[in-house]
Amino acid sequence: MVQPHGFHQVVSPDPRLVLKPEDAEPPEQLPGYRMDLEVTFDQHFELLLRQIQEAQNTPPMGENWVTEQMAAVYRALFEQGYAHSLEVRHGTTWVGGIFGVAIGKAFFAEYTYSCTEGGGALSLSLLARQLQAQGYHFIDVQKPSIDTPDLGFTEMSRLAYLDWVKKACL
(Lines give C-alpha, C1' and ligand atoms only; values in the text may rest on other atoms or scores of the structure.)
Protein backbone atom coordinates (compact mmCIF):
# COMPACT_ATOMS: atom_id res chain seq x y z
CA MET A 1 0.00 0.00 0.00
CA VAL A 2 1.49 3.31 -1.05
CA GLN A 3 1.49 5.95 1.67
CA PRO A 4 2.02 9.72 1.36
CA HIS A 5 5.51 10.78 0.27
CA GLY A 6 6.19 7.46 -1.47
CA PHE A 7 6.44 5.32 1.66
CA HIS A 8 5.11 1.78 1.48
CA GLN A 9 3.25 0.02 4.25
CA VAL A 10 4.38 -3.56 4.73
CA VAL A 11 1.92 -6.01 6.22
CA SER A 12 3.37 -9.05 7.97
CA PRO A 13 0.78 -11.19 9.73
CA ASP A 14 1.64 -12.55 13.16
CA PRO A 15 1.19 -15.45 13.41
CA ARG A 16 2.22 -16.50 9.91
CA LEU A 17 0.88 -19.50 8.00
CA VAL A 18 3.22 -21.67 5.93
CA LEU A 19 2.94 -24.99 4.16
CA LYS A 20 5.88 -27.34 4.13
CA PRO A 21 5.57 -29.15 0.79
CA GLU A 22 6.02 -32.57 2.39
CA ASP A 23 3.10 -31.88 4.76
CA ALA A 24 0.62 -30.87 2.06
CA GLU A 25 -2.56 -32.85 1.60
CA PRO A 26 -2.11 -34.94 -1.60
CA PRO A 27 -4.08 -33.49 -4.53
CA GLU A 28 -5.68 -36.89 -5.20
CA GLN A 29 -7.52 -36.60 -1.87
CA LEU A 30 -9.03 -33.18 -2.61
CA PRO A 31 -12.42 -32.36 -4.13
CA GLY A 32 -12.19 -31.62 -7.82
CA TYR A 33 -9.16 -33.81 -8.50
CA ARG A 34 -9.36 -35.74 -11.77
CA MET A 35 -6.76 -37.80 -13.57
CA ASP A 36 -7.33 -35.82 -16.77
CA LEU A 37 -6.49 -32.39 -15.37
CA GLU A 38 -3.91 -30.40 -17.30
CA VAL A 39 -1.37 -28.81 -14.97
CA THR A 40 1.07 -26.30 -16.46
CA PHE A 41 3.76 -24.09 -14.99
CA ASP A 42 4.51 -20.55 -16.17
CA GLN A 43 2.54 -21.10 -19.39
CA HIS A 44 -0.34 -18.69 -18.78
CA PHE A 45 1.02 -16.26 -16.18
CA GLU A 46 -0.52 -13.14 -17.72
CA LEU A 47 -3.91 -14.78 -18.26
CA LEU A 48 -3.96 -16.12 -14.70
CA LEU A 49 -2.96 -12.70 -13.35
CA ARG A 50 -5.81 -11.05 -15.30
CA GLN A 51 -8.34 -13.62 -14.13
CA ILE A 52 -7.27 -13.10 -10.52
CA GLN A 53 -7.44 -9.35 -11.04
CA GLU A 54 -10.98 -9.64 -12.42
CA ALA A 55 -12.09 -11.91 -9.58
CA GLN A 56 -10.46 -9.90 -6.78
CA ASN A 57 -11.32 -6.40 -7.96
CA THR A 58 -15.01 -6.81 -7.21
CA PRO A 59 -17.02 -6.13 -4.06
CA PRO A 60 -16.31 -6.58 -1.23
CA MET A 61 -12.62 -6.13 -2.15
CA GLY A 62 -13.05 -3.14 -4.45
CA GLU A 63 -11.20 -2.15 -7.59
CA ASN A 64 -7.90 -1.44 -5.85
CA TRP A 65 -7.07 -4.98 -4.76
CA VAL A 66 -4.85 -5.97 -7.71
CA THR A 67 -4.01 -2.66 -9.35
CA GLU A 68 -2.39 -2.18 -12.75
CA GLN A 69 0.76 -1.04 -10.93
CA MET A 70 0.84 -4.31 -8.96
CA ALA A 71 0.18 -6.33 -12.12
CA ALA A 72 3.10 -4.57 -13.84
CA VAL A 73 5.41 -5.44 -10.92
CA TYR A 74 4.36 -9.10 -11.01
CA ARG A 75 4.88 -9.22 -14.79
CA ALA A 76 8.37 -7.73 -14.36
CA LEU A 77 9.17 -10.30 -11.68
CA PHE A 78 7.90 -13.05 -14.00
CA GLU A 79 10.10 -11.79 -16.84
CA GLN A 80 13.08 -11.78 -14.46
CA GLY A 81 12.38 -15.38 -13.40
CA TYR A 82 11.16 -14.66 -9.85
CA ALA A 83 7.38 -14.87 -10.20
CA HIS A 84 5.86 -18.19 -11.23
CA SER A 85 2.44 -19.61 -11.87
CA LEU A 86 0.72 -22.96 -11.82
CA GLU A 87 -2.39 -23.28 -13.94
CA VAL A 88 -4.97 -26.07 -13.69
CA ARG A 89 -7.48 -26.77 -16.43
CA HIS A 90 -9.83 -29.50 -17.52
CA GLY A 91 -9.81 -29.29 -21.28
CA THR A 92 -10.32 -25.61 -22.08
CA THR A 93 -12.05 -24.89 -18.76
CA TRP A 94 -10.04 -23.34 -15.95
CA VAL A 95 -10.19 -25.17 -12.61
CA GLY A 96 -7.82 -22.89 -10.70
CA GLY A 97 -4.33 -21.55 -10.39
CA ILE A 98 -1.82 -19.91 -8.12
CA PHE A 99 1.05 -17.50 -8.54
CA GLY A 100 3.76 -16.14 -6.33
CA VAL A 101 7.41 -15.27 -6.00
CA ALA A 102 10.25 -17.76 -5.53
CA ILE A 103 13.44 -16.71 -3.75
CA GLY A 104 15.98 -19.37 -2.93
CA LYS A 105 14.00 -22.37 -1.70
CA ALA A 106 11.02 -20.35 -0.43
CA PHE A 107 7.84 -19.72 -2.40
CA PHE A 108 5.74 -16.72 -1.41
CA ALA A 109 2.22 -17.43 -2.64
CA GLU A 110 0.46 -14.23 -3.62
CA TYR A 111 -2.93 -15.27 -4.97
CA THR A 112 -4.91 -18.41 -5.64
CA TYR A 113 -7.63 -18.58 -8.25
CA SER A 114 -10.61 -20.90 -8.20
CA CYS A 115 -13.14 -21.39 -10.96
CA THR A 116 -14.58 -24.54 -9.43
CA GLU A 117 -15.16 -25.61 -5.86
CA GLY A 118 -11.78 -26.42 -4.35
CA GLY A 119 -9.81 -25.15 -7.34
CA GLY A 120 -7.57 -22.92 -5.21
CA ALA A 121 -6.79 -25.66 -2.70
CA LEU A 122 -6.13 -28.13 -5.49
CA SER A 123 -3.75 -25.66 -7.15
CA LEU A 124 -1.85 -25.13 -3.89
CA SER A 125 -1.57 -28.87 -3.29
CA LEU A 126 -0.29 -29.46 -6.83
CA LEU A 127 2.22 -26.65 -6.37
CA ALA A 128 3.41 -28.19 -3.09
CA ARG A 129 4.05 -31.50 -4.85
CA GLN A 130 6.11 -29.76 -7.55
CA LEU A 131 8.08 -27.67 -5.05
CA GLN A 132 8.79 -30.70 -2.85
CA ALA A 133 10.42 -32.39 -5.86
CA GLN A 134 12.58 -29.27 -6.27
CA GLY A 135 13.67 -29.19 -2.61
CA TYR A 136 11.72 -26.12 -1.49
CA HIS A 137 11.52 -25.53 2.27
CA PHE A 138 8.07 -23.92 2.45
CA ILE A 139 5.24 -22.04 0.77
CA ASP A 140 4.25 -18.84 2.57
CA VAL A 141 0.47 -18.50 2.45
CA GLN A 142 0.48 -15.60 4.94
CA LYS A 143 -2.86 -16.25 6.65
CA PRO A 144 -5.91 -18.54 6.42
CA SER A 145 -8.10 -18.18 3.35
CA ILE A 146 -11.55 -19.45 2.45
CA ASP A 147 -10.08 -20.63 -0.88
CA THR A 148 -7.54 -22.88 0.81
CA PRO A 149 -8.82 -24.89 3.77
CA ASP A 150 -6.22 -26.51 6.01
CA LEU A 151 -3.98 -28.55 3.74
CA GLY A 152 -1.38 -29.25 6.44
CA PHE A 153 -0.39 -25.70 7.31
CA THR A 154 2.03 -24.74 10.08
CA GLU A 155 1.30 -21.61 12.08
CA MET A 156 4.30 -19.79 13.50
CA SER A 157 5.27 -16.53 15.09
CA ARG A 158 6.66 -13.77 12.90
CA LEU A 159 10.12 -14.21 14.48
CA ALA A 160 10.18 -17.96 13.79
CA TYR A 161 8.96 -17.26 10.25
CA LEU A 162 11.78 -14.76 9.65
CA ASP A 163 14.29 -17.43 10.71
CA TRP A 164 12.77 -19.83 8.17
CA VAL A 165 12.94 -17.17 5.47
CA LYS A 166 16.61 -16.49 6.20
CA LYS A 167 17.50 -20.20 5.98
CA ALA A 168 15.47 -20.82 2.80
CA CYS A 169 16.57 -17.70 0.94
CA LEU A 170 20.31 -17.74 1.58
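Please read these numbers as outputs of a predicted model, since none were measured by experiment. (Residues numbered from 1 in each chain as written. Predicted model: local features only at pLDDT ≥ 70, side-chain atom pairs only at ≥ 80, totals over all residues. Heavy atoms only, no water.)

**Student:** Could you clarify how one ought to interpret the environment of Phe99 in this entry?
**Tutor:** Position of Phe99 among the secondary structure elements: in strand 4 (residues 93–103). The exposure class assigned to Phe99 is buried, which follows from its relative accessible area of 1%. Sequence spacing of Phe99 and Ala109 is 10 residues, and the spatial spacing of their C-alpha atoms is 6.0 Å. Leave out the neighbours within four places in its chain, and Phe99 touches Phe45, Leu48, Leu49, Ile52, Tyr74, His84, Ser85, Phe107, Ala109, Glu110 and Tyr111. (Helix = DSSP H or I, 4+ residues; strand = E, 2+ residues; numbered from the N terminus. Buried < 20%, exposed > 50% of the residue type's maximum accessible area, 1.4 Å probe, protein only. Contact = heavy atoms within 4.5 Å.)

**Student:** Quick question: what am I supposed to make of the sheet that holds strand 5 (residues 106–114) here?
**Tutor:** One key point about sheets: their strands pair by backbone hydrogen bonds, in either a parallel or an antiparallel sense. Pairing is mixed in the open sheet, where 7 strands are placed in the order 2-3-4-5-6-1-7. Strands with a single pairing partner mark the edges of an open sheet, and in this sheet they are strand 2 (38–41) and strand 7 (154–156). On average, each strand axis in the sheet is tilted by 30° relative to the strand beside it, whichever way the strands run. Pairing of strand 3 (residues 83–90) with strand 4 involves 8 bridges; the strand directions are antiparallel. (Pairing = 2+ DSSP bridges. Axes fitted to C-alpha atoms, helices over the stretch in contact; angles between N-to-C directions.)

**Student:** Would you mind showing me how to read the pattern of salt bridges here?
**Tutor:** Side chains that carry opposite charge are capable of pairing whenever their charged atoms lie near each other. Counting across every chain of the model gives 9 salt bridges. The shortest N-O distance in the salt bridge between Glu46 and Arg50 comes to 2.9 Å. Of the two residues, Glu46 and Arg50 both sit in helix 1 (residues 45–56), 4 residues apart, roughly one turn of that helix. Judged by its relative accessible area of 33%, Glu46 falls in the partly exposed class. (Salt bridge = Lys/Arg side-chain N within 4 Å of Asp/Glu carboxyl O.)

**Student:** What is the right way to look at the packing of aromatic side chains in this model?
**Tutor:** Remark: the centre distance and the inter-plane angle together describe each pair of aromatic rings, the angle taken between the planes. Applying the stated criterion across every chain yields a total of 8 aromatic pairs. Here Tyr74 and Phe99 contribute two aromatic rings whose centre-to-centre distance is 4.9 Å and whose plane-to-plane angle is 80°, an arrangement assigned as edge-to-face. Placement of the pair is Tyr74 in helix 2 (residues 68–79) and Phe99 in strand 4, with a sequence separation of 25 residues. On the basis of an interplanar angle of 50° and a centroid distance of 5.7 Å, the ring pair of Phe138 and Trp164 is categorised as tilted. Remark: Trp164 occurs in helix 4 (residues 158–169) and Phe138 occurs in strand 6 (residues 138–142); sequence separation between them is 26 residues. Classification of Trp164 as partly exposed rests on a relative accessible area of 25%. One aromatic cluster in this structure is built from Phe45, Tyr74, Phe78, Phe99 and Tyr111. Note that Arg89 overlies the ring of Trp94, its terminal NZ or CZ placed 5.9 Å from the centroid. (Phe/Tyr/Trp six-rings, centres within 6.5 Å; stacked < 30°, edge-to-face > 60°. Lys NZ or Arg CZ within 6 Å of the ring centre and 35° of its normal.)

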